[in-house]
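The lines below spell out each chain.
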Amino acid sequence: MTSAATAARALIRDVPDFPKRGILFRDITPLLADSAAFRAATEAMADAFRAHHISHVVGIESRGFLLGTPISLALDASFVPMRKPGKLPAAVVKESYALEYGTDALEMHADAVKVGARVLVVDDVLATGGTAAAACRLIERCGATVIGCSFLIELSALGGRAALGGRPSAALITY
Ligand code: AMP
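Everything quoted here is computed from the prediction, not taken from an experiment.

Novice: It is not clear to me how the site of the ligand should be interpreted in this structure. Could you clarify?
Specialist: Around the ligand there are 13 residues in total, and Asp-123, Asp-124, Thr-128, Gly-129 and Thr-131 lie nearest to it. Between the ligand and the protein, one listed contact pairs an oxygen atom with a backbone N or O atom of Gly-129 at 2.7 Å. Gly-130 is positioned such that a nitrogen or oxygen atom in its backbone is 3.4 Å from an oxygen atom of the ligand. For the ligand, the protein covers 81% of the area, taking 490 Å² as the surface of the free molecule. The pocket occupied by the ligand, as judged from atoms lying within 2 Å of grid points, is the largest pocket. Of all the secondary structure elements, the ones that give two or more residues to the shell around the ligand are β2 (24-27), β7 (118-126) and α5 (130-141). Of the residues in the shell around the ligand, the class split is five nonpolar, four polar and four charged.

Novice: Looking at this structure, how should I read the sheet that holds strand β8 (residues 145-154)?
Specialist: In a beta sheet, neighbouring strands pair by backbone hydrogen bonds and run either parallel or antiparallel. The strand order β4-β3-β7-β8-β9 describes an open sheet built from five strands, whose pairing is parallel. Both edges of this open sheet fall to β4 (78-82) and β9 (169-174), since each of them pairs with a single strand only. Neighbour-to-neighbour, the strand axes of this sheet turn through a mean angle of 20°, independent of strand direction.

Novice: Quick question: what am I supposed to make of unusual backbone geometry here?
Specialist: Peptide bonds are mostly trans, and most non-glycine residues show a negative phi. Omega for the bond connecting Phe-18 with Pro-19 falls within 30 degrees of zero, at 0°, which places this linkage in the cis form. Along the chain, Pro-19 turns up in the loop between β1 (13-16) and β2. For the peptide bond that leads from Glu-61 to Ser-62, omega is -10°, which places it in the cis range. With respect to the helices, strands and loops of the structure, Ser-62 is situated in the loop between β3 (56-60) and α4 (63-74). Of note, the phi angle at His-53 is positive, near 50°, even though the residue is not glycine. Within the secondary structure, His-53 sits in the loop between α3 (35-47) and β3. Look at Asp-76: it is not a glycine, yet its phi comes out positive at around 55°.

Novice: Just to check I follow, could you spell out the layout of surface pockets for this structure?
Specialist: One way to see where empty space is left: roll a probe the size of a water molecule over the atoms. Approximately 1,100 Å³ is the volume attributed to the largest pocket. The wall of the largest pocket is formed by 30 residues, among which Ile-23, Arg-63, Ala-127, Thr-128 and Thr-131 lie closest to the centre. The set of elements that each furnish at least two residues to the lining of the largest pocket consists of β2, β5 (92-98), β7 and α5. Examining the composition of the lining of the largest pocket, we find that four residues originate from one element, β7, more than from any other. A per-class count over the lining of the largest pocket returns 16 nonpolar, five polar and nine charged.

Quick notes on the rules
- Residues numbered from 1 in each chain as written.
- Predicted model: local features only at pLDDT ≥ 70, side-chain atom pairs only at ≥ 80, totals over all residues.
- Heavy atoms only, no water.
- Near = heavy atom within 4 Å.
- Polar contact = N/O pair within 3.5 Å; in protein donor to acceptor, adjacent residues only side chain to side chain.
- Areas by Shrake-Rupley, 256 points an atom, 1.4 Å probe, with all protein chains shown as cover.
- 1 Å grid on protein atoms, 1.4 Å probe; cavity = no way out; pocket = protein on both sides within 12 Å on 5 of 7 lines; lining within 4 Å.
- Sits in = over half its atoms within 2 Å of the grid points.
- Helix = DSSP H or I, 4+ residues; strand = E, 2+ residues; numbered from the N terminus.
- Nonpolar A, V, L, I, M, F, W, Y, C, P; charged D, E, K, R; others polar.
- Pairing = 2+ DSSP bridges.
- Axes fitted to C-alpha atoms, helices over the stretch in contact; angles between N-to-C directions.
- Points joined across faces, edges and corners; volume = space filled by probe spheres on them.

Written as structure tokens, this is what we have:
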């Protein structure tokens with residue numbers, strides 16, 4: 001592991017049974033509170049895609065915003081928020097995805113990424129991969145290319161990488 005990854009890992013707080021029983025929540029707020037470690041972590045996440053000419057970083061609500069914005073600045077790319085339904089003010093495109101019980105959806109402004117855009121998707125945690133896969137489908141429906149997905153944390157036992165269907169993905173920390 002790199003020193004950025006080691007420092008970040010030490011600042012992830014495990015919270016058992018949040019938001020419901022049986023979930024071990026990986027809380028990134030102690031990392032956000034340490035400016036040197038936070039900067040090093042987002043720079044390392046950006047470095048993994050620096051050679052790929054990323055034009056847009058799409059951050060998934062809400063912790064994907066916190067990580068995605070510094071990564072977009074590091075890559076000299078546009079930042080695009082992808083949000084839960086009903087939050088974005090202008091015309092949107094929408095993609096639904098299955099949850100354990102029911103469905104959820106993500107929205108993005110319809111004019112945010114266009115044909116030819118080279119997109120990096122950013123979120124804090126890759127778990128089952130349902131969220132990130134829906135984000136990728138929505139971006140691809142707009143005619144843009146998903147160059148890759150970047151996560152701070154990958155929970156490898158949950159199979160998220162397979163759900164991403166071969167789209168390149170990177171994680172700073174793997175559990
Ligand atoms: P999934 O769609 O199953 O890959 O779940 C990913 C989304 O759920 C991300 O937006 C994460 O922020 C959140 N998430 C899933 N599992 C955890 C966890 N153990 N700790 C913190 N966030 C999680």
